[in-house]
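Architecture and fold: a report
The chain contents come next:
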Amino acid sequence: MKERTVSNSTAGVPAMPAVSERVRALHAQMTLDEKLAQIVGYWLDQNGVTAPMQSEMASGQQDASKLTDVTKNGLGHYTRVYGTRPVDPNERAAWLWDEQRRLKRETRLGIPALVHEECLTGLAAWKAAAFPTPLAWGASFDPELVYDMAASIGESMRELGVHQGLAPVLDVIRDPRWGRVDECIAEDPYVVGVLGTSYVRGLQSAGVHATLKHFIGYSASRAGRNHAPVSAGPREVADVFLPPFEMALFDGGARSVMNSYAEIDGVPLGSSAEYLTELLRERWGFDGVVVADYFAVAFLEVMHAIAADRGAAAAAALTAGIDIELPTGDAYLAPLAEQIRAGEFDEAFVDRAVLRALAQKEELGLLEADVFEDEPPTNVDLDSPRHRELARRLAEESIVLLSNDGILPLGEKDAAHKKAAPSRIAVIGPNAHRAEALLGCYSFANHVLAHHPEFPIGFEIATFLEAFTAEVEAEIVYAQGTDVEGTDRSGFEEAVAAATGAEVAVVVVGDQAGLFGRGTVGEGNDSETLELPGVQRELVEALVASGTPVIMIALTGRPYAIGWALDGERRPAAVLQSFFPGEEGAAALSGVLSGRVNPSGRMPVSLPRAAGAQPFTYLHPPLGGVSEVTATDPTPVRPFGFGLSYSEITYSDLVVDAEATAGGNFTAAVTVTNSGQRAVDDIVQLYGHDVVATVTRPVVQLLAFQRVTLDPDASVTVTFSVPTQRFAFSDRSMTRIVESGDVEVWVGANATATETAGTATRRATVAITGDAHVLETSDRRLVTAEVSH
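What comes next concerns the included structure. (Residues numbered from 1 in each chain as written. Predicted model: local features only at pLDDT ≥ 70, side-chain atom pairs only at ≥ 80, totals over all residues. Heavy atoms only, no water.)

**Examining the overall build of the protein**
Looking only at helices and strands, the protein features 21 helices and 27 strands. What you see for the protein is a C-alpha radius of gyration of 26 Å, in line with the 28 Å of a compact globule of 789 residues. C-alpha extents for the protein along the principal axes are approximately 80 × 65 × 50 Å. Residues counted as buried form 64% of the 789 residues belonging to the protein. For the protein, the distance from the average site of its 62 positive side-chain charges to the average site of its 106 negative ones is 1 Å. (Helix = DSSP H or I, 4+ residues; strand = E, 2+ residues; numbered from the N terminus. Rg over C-alpha atoms; globule rule 2.2 N^0.38 Å. Buried < 20%, exposed > 50% of the residue type's maximum accessible area, 1.4 Å probe, protein only. Lys, Arg positive; Asp, Glu negative; His and termini not counted. Charge placed at Lys NZ, Arg CZ, Asp CG, Glu CD.)

This is how it looks when you write it as structure tokens:
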């Protein structure tokens, strides 16, 4: 990003962005209609529910026969040409190349359109690989693997002529009742920032621009209701919601930002010059583009009621700093043109947005003379062995073992292991034999194909039943038991009989991802309760009552209140949590059960005690925890960072620098030992606490993490280099600072690990000295780690 001075858009005519001579010359030739055409999208195939209120907002301009007329002045974006309905990618690529050539040939200025697509769990297109959902990325705590996944997604997109991806989601989880939790990475801003930055770097390494969303505060909606008001104070915004975006912009170089649908303290983000211009542009120096979330400009009129009509909504959004209206030009075309021609709005704001849009196209190579002169791809493989390998590894690393009485692993053919594998296993549950149960809300299968049941899923994906049957040498008997939703208990008897006749029962429960009422989790599918949907808890309890050992797999898009299954008197013998693990998820889960995979996932979000305890975050100050002055207990049943494995890990010999200058760094080194007989990956977690501060601080916060691989009976030393900025906060004047004073530092297996063998080591105190350090954008944000043997 480049620092530059941009005048406050509320104070008069905006300063123009610095652009190349080519862009400036191109802009100088444009008529008003040609300018407006460059800052809108066109949704050719808008014919299904893939965005909020889409049916109400449809403009009626979705007819291929109208393309020549629609694009006579050029076009800014093509909206989801691969991702709105099932289209063969090779055939669609041929169409797109022809269409881009037509735009070059038949429009006066010859500028191709920028093509954007969703890509949160892989390119959202038919036949494309479906990766684990972002909440699974968080559970993996593996930024390198997230980078590799994003790079492979970007390569597929670029091959198909796609230039911009609408990902990653950098919203920090605040309330698991919110339906979009499965799109988020974690409840910790640093984890969100590290993994989100890795995704940005990976996607952009392939020449595809990443879009950070949703800027900002969207996940803090009241009671977890989508599009509900947000009441976050400026300190929470600055210290919780902004840091992941800051990291992805400064450390990841993200080239696009998308506004949030939310309103914060009565001001919709789509009309907030304070955030979109004063913060993003003036303070942070962002020189990319800001795109509207779908219909967000029109929503200023129809949902927020701060604009009298679409023209007024367009003026508010452009003034605030939204450069591109997506997915269509409902507000930025005719309504805005009318305002400008009537002298009611300054065209300079359009010029500012157009210059940014053209600069982005130049950066992407769309202004080069030979662009699209090559032949389109004819044999695209969107689900290659490389895709599947990455999907498998990420799925395996994301599975969290929440409890285990010793039943897992189920046993192996290796004679060195004393426990024999069971010969007859019952596989039960509504998610045991459904491929869609493995996929997130923004997977193409659940996002789009749900509206096209006549089409196959388009890639190879095994259900858990199929993968588990192939994994183990045992007789498998299957019973569904019940559905994900509803109250049908008619299958209970068959399920209990199957369990009774088996040595072990595996019950797979959880969610169906979807949008706006089509499912139990996903965009618009918020929940008033955190109980498992339908009568799934009753099914599990009936199976446990049969006397057969039960292994419960929660295949979900949010954490549920399953304390009864973990700590109740009559509980399953083992419980695993898997957040929509993607196309290789069933094999990964089967591998964990068999012992082929040693589980290494950690909870990226607290496992809630009850819906009534929400919103909750482990990053709470002293008054946010259990207290003698209230009868309610918000303590989660499993904390942030929790996860078991089949090995015993111990931490020892913590060595931490005794002092550091405010704004400087300190090191913390710890020895990690695998005392077990299996190789294992461990997530080494460094925590800290500011002992006394001028505003209340969390009782514990994650400072750093590192995934390490340990052979049996092996040890490594992990040395963290920690910038004191990890203890930064907004003081009483709302200046982000690092204060002097003592901070405590320790290594733990999770956010609440006590100082006992295997879970934590002694605390060390670091004295932060000197004057308070005021944070600058040039400050170091990321912790580095070295692993030595």
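**Some thoughts on the sheet that holds strand S3 (residues 114-117)**
The strand order across the open sheet formed by seven strands is S1-S2-S3-S4-S5-S6-S9, and the pairing between neighbours is parallel. Whereas interior strands pair on both sides, the edge strands pair on one side only; in this sheet they are strand S1 (41-42) and strand S9 (289-291). By the bridge criterion, two bridges tie S1 to strand S2 (residues 77-79) in an arrangement that is parallel. Opposite glycine 41, over in S2, you have histidine 77 as the bridge partner. (Pairing = 2+ DSSP bridges.)

**Focus: the packing of aromatic side chains**
By the definition in use, this model includes 20 aromatic pairs. Taking the centre distance of 5.2 Å and the plane angle of 65° together, the rings of tryptophan 43 and tyrosine 294 count as edge-to-face. Remark: tyrosine 294 occurs in the loop between S9 and helix H11 (296-302) and tryptophan 43 occurs in the loop between S1 and helix H3 (54-57); sequence separation between them is 251 residues. An identical accessibility class is assigned to tryptophan 43 and tyrosine 294; each is buried. On the numbers, 5.4 Å between centres and 85° between planes, the contact of tryptophan 126 with phenylalanine 455 is edge-to-face. (Phe/Tyr/Trp six-rings, centres within 6.5 Å; stacked < 30°, edge-to-face > 60°.)

**Things to note about unusual backbone geometry**
Looking along the chain, the bond that leaves lysine 213 and enters histidine 214 is cis, with omega of 5°. Inspection of the secondary structure assignment puts histidine 214 in strand S5 (residues 209-215). Here leucine 408 and proline 409 are connected by a cis peptide whose omega angle stands at -5°. Along the polypeptide, proline 409 turns up in the loop between strand S10 (400-404) and strand S11 (424-428). The phi torsion at alanine 223 lies on the positive side, around 60°, for a residue other than glycine.

**Details of the pairing of strand S14 (residues 550-556)**
Burial within S14 is extensive, with seven of its seven residues counted as buried. Residues Val550, Met552, Ala554 and Thr556 of S14 are buried on one face, and the alternating residues Ile551, Ile553 and Leu555, pointing to the opposite face, are buried as well. Two elements, strand S13 (residues 504-510) and S14, share six bridges in a ladder whose sense is parallel. In the strand pairing of S14, alanine 505 is matched with valine 550.

**Points about the side chain of serine 600**
One can find serine 600 in the loop between helix H21 (585-594) and strand S16 (649-656). Exposure remark for serine 600: the relative accessible area of 4% places this residue in the buried category. With residues up to four places along the chain from it excluded, the contact list for serine 600 reads Glu397, Ile399, Asp681, Ile683 and Arg707. (Contact = heavy atoms within 4.5 Å.)

**With respect to helix H19 (residues 536-545)**
Within H19, burial applies to Gln536, Leu539, Val540, Leu543 and Val544. Relative to the axis of H19, the buried residues are bounded by an arc of 135° and lie together on one face. Looking at the buried side of H19, the elements it contacts are S11, helix H18 (492-500), S13, S14 and helix H20 (563-567). (Arc of directions from axis to C-beta.)

**Here's the deal with the nonpolar core**
Core analysis: the biggest nonpolar cluster contains 219 residues, and Tyr199, Phe215, Tyr332, Ile428 and Ile562 have the highest contact counts within it. Contact partners of isoleucine 428, with chain neighbours within four places excluded, come to Ala479, Gln480, Ala495, Ala498, Ala499, Ala505, Val506, Val507, Val508, Leu539 and Leu543. Formed by 38 residues, the second largest nonpolar core is a distinct cluster that contains Leu408, Ala445, Phe468 and Leu576. (Core = buried A, V, L, I, M, F, W, Y, C linked by side-chain atoms within 4.5 Å.)

**Let's talk about the environment of aspartate 690**
Here aspartate 690 shows up in strand S19 (residues 680-690). Aspartate 690 gets classed as buried once you look at its relative accessible area, which sits at 9%. Taking the C-alpha atoms as reference, aspartate 690 lies 23 Å from isoleucine 173; in sequence the two are 517 residues apart.

**Here we look at helix H17 (residues 464-471)**
Listing the buried residues of H17 in full gives Phe464, Leu465, Ala467 and Phe468. Down the axis of H17, the sector holding all buried residues measures 165°, keeping them to one side. Taken together, the buried residues of H17 touch S11, strand S12 (475-479), S13, S14 and H21.

**Some thoughts on the state of the cysteines**
Tallying each qualifying case throughout the model produces zero disulfides. The closest cysteine sulfur to the non-disulfide-bonded cysteine 184 is located on cysteine 441, 11 Å from its own sulfur. Overall, the relative accessible area of 0% leaves cysteine 441 in the buried class. (Disulfide = S-S within 2.5 Å.)

**Considerations on the pairing of strand S21 (residues 715-723)**
Across nine bridges, strand S18 (residues 665-674) lies against S21 in antiparallel orientation. Bridge pairing in S21 links alanine 668 to phenylalanine 720. Where S21 meets strand S27 (residues 784-788), five bridges bridge the pair, whose relative direction is antiparallel. The residue of S27 that forms the bridge with threonine 717 is serine 788.

**Thoughts on the packing of helix H7 (residues 143-159) against helix H8 (residues 189-205)**
Running from N to C, H7 and H8 point in directions that differ by 35°, and their axes come no closer than 7 Å. Crossing handedness for the pair H7 and H8: right-handed. Contact residues: H7 offers Pro143, Val146, Tyr147, Met149, Ala150, Ala151, Ile153, Gly154 and Met157, while H8 offers Val194, Leu195, Ser198, Tyr199, Arg201, Gly202, Leu203 and Ser205. A per-class count over the contact of H7 with H8 returns twelve nonpolar, four polar and one charged. (Axes fitted to C-alpha atoms, helices over the stretch in contact; angles between N-to-C directions. Left-handed = near helix turned anticlockwise from the far one by under 90°. Nonpolar A, V, L, I, M, F, W, Y, C, P; charged D, E, K, R; others polar.)

**Describing the sheet that holds S19**
Within the open sheet, the five strands sit side by side as S17-S25-S24-S19-S20. Their pairing is mixed. Of all strands in the sheet, those bounded by a partner on one side alone are strand S17 (659-661) and strand S20 (701-710). For this sheet, the mean inter-axis angle between neighbouring strands, taken without regard to orientation, is 25°. For S19 and S20, the ladder comprises nine bridges, and the chain directions are antiparallel. Residue pairing in the sheet places aspartate 682 in a bridge with valine 708 of S20.

**Considerations on the pattern of salt bridges**
Counted by the stated rule, this structure contains 48 salt bridges. Among the ionic pairs, arginine 80 bridges to glutamate 117, the shortest N-O distance being 4.0 Å. Of the two residues, arginine 80 sits in the loop between S2 and helix H5 (89-106) while glutamate 117 sits in strand S3, which places them 37 residues apart along the sequence. Of the two residues, arginine 80 and glutamate 117, both sit in the buried class. (Salt bridge = Lys/Arg side-chain N within 4 Å of Asp/Glu carboxyl O.)

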